[in-house]
Amino acid sequence: MDELIQRLMAQGLSEEQAYKAIEVIKNFTKEKFPIFGGAIDKLFDKYGPKEEEDFMP
């Protein structure tokens, strides 16, 4: 997924825009192939942006 993000950014998208584009592709794919919805979620969620931990000491 990092390679895809890098390619989108090389085409002029910001990192945020690249992740948003992938989210749109994910949702589109789930609409067109609902039988694969769970697999699509797992694939895209595994390679999604890393969220920072919200840790309070």
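Refer to the structure presented above.
This report concerns the structure included in the present document. (Residues numbered from 1 in each chain as written. Predicted model: local features only at pLDDT ≥ 70, side-chain atom pairs only at ≥ 80, totals over all residues. Heavy atoms only, no water.)

1. Comments concerning the overall build of the chain
(1) Moving on: Looking only at helices and strands, the chain has three helices and zero strands in total.
(2) Moving on: In the chain, the succession of helices and strands from N to C terminus is α-α-α.
(3) Moving on: A total of 57 residues make up the chain; the buried ones form 16% of that total.
(4) Moving on: Summing over all exposed atoms, the chain offers an accessible surface of approximately 5,200 Å²; the carbon and sulfur share of this is 56%. (Helix = DSSP H or I, 4+ residues; strand = E, 2+ residues; numbered from the N terminus. Buried < 20%, exposed > 50% of the residue type's maximum accessible area, 1.4 Å probe, protein only. Areas by Shrake-Rupley, 256 points an atom, 1.4 Å probe, with all protein chains shown as cover.)

2. Observations regarding the nonpolar core
(1) Moving on: Ranked by size, the top nonpolar core spans six residues in total: Ile-5, Ala-18, Tyr-19, Ile-22, Ile-40 and Phe-44.
(2) Moving on: Setting aside residues up to four positions removed in sequence, Ile-22 forms contacts with Met-1, Leu-4, Ile-5, Leu-8 and Phe-44. (Core = buried A, V, L, I, M, F, W, Y, C linked by side-chain atoms within 4.5 Å. Contact = heavy atoms within 4.5 Å.)

3. Details of the pattern of salt bridges
(1) Moving on: Using the criterion set out here, one finds three salt bridges in the structure.
(2) Moving on: Between Glu-3 and Arg-7 there is a salt bridge, and its shortest N-O distance comes to 2.8 Å. Here the residue Glu-3 and the residue Arg-7 both occupy positions in helix α1 (residues 2-10), the gap between them amounting to four residues, near one helical turn. This pair shows no difference in class: Glu-3 is exposed, exactly as Arg-7 is.
(3) Moving on: Across the salt bridge formed by Lys-26 and Asp-41, the nearest N and O atoms sit 3.7 Å from each other. Of this pair, Lys-26 sits in helix α2 (residues 15-32) while Asp-41 sits in helix α3 (residues 37-46), placing them 15 residues apart in sequence.
(4) Moving on: A single salt-bridge network, built from bridges that share partners, covers Lys-26, Lys-30 and Asp-41. (Salt bridge = Lys/Arg side-chain N within 4 Å of Asp/Glu carboxyl O.)

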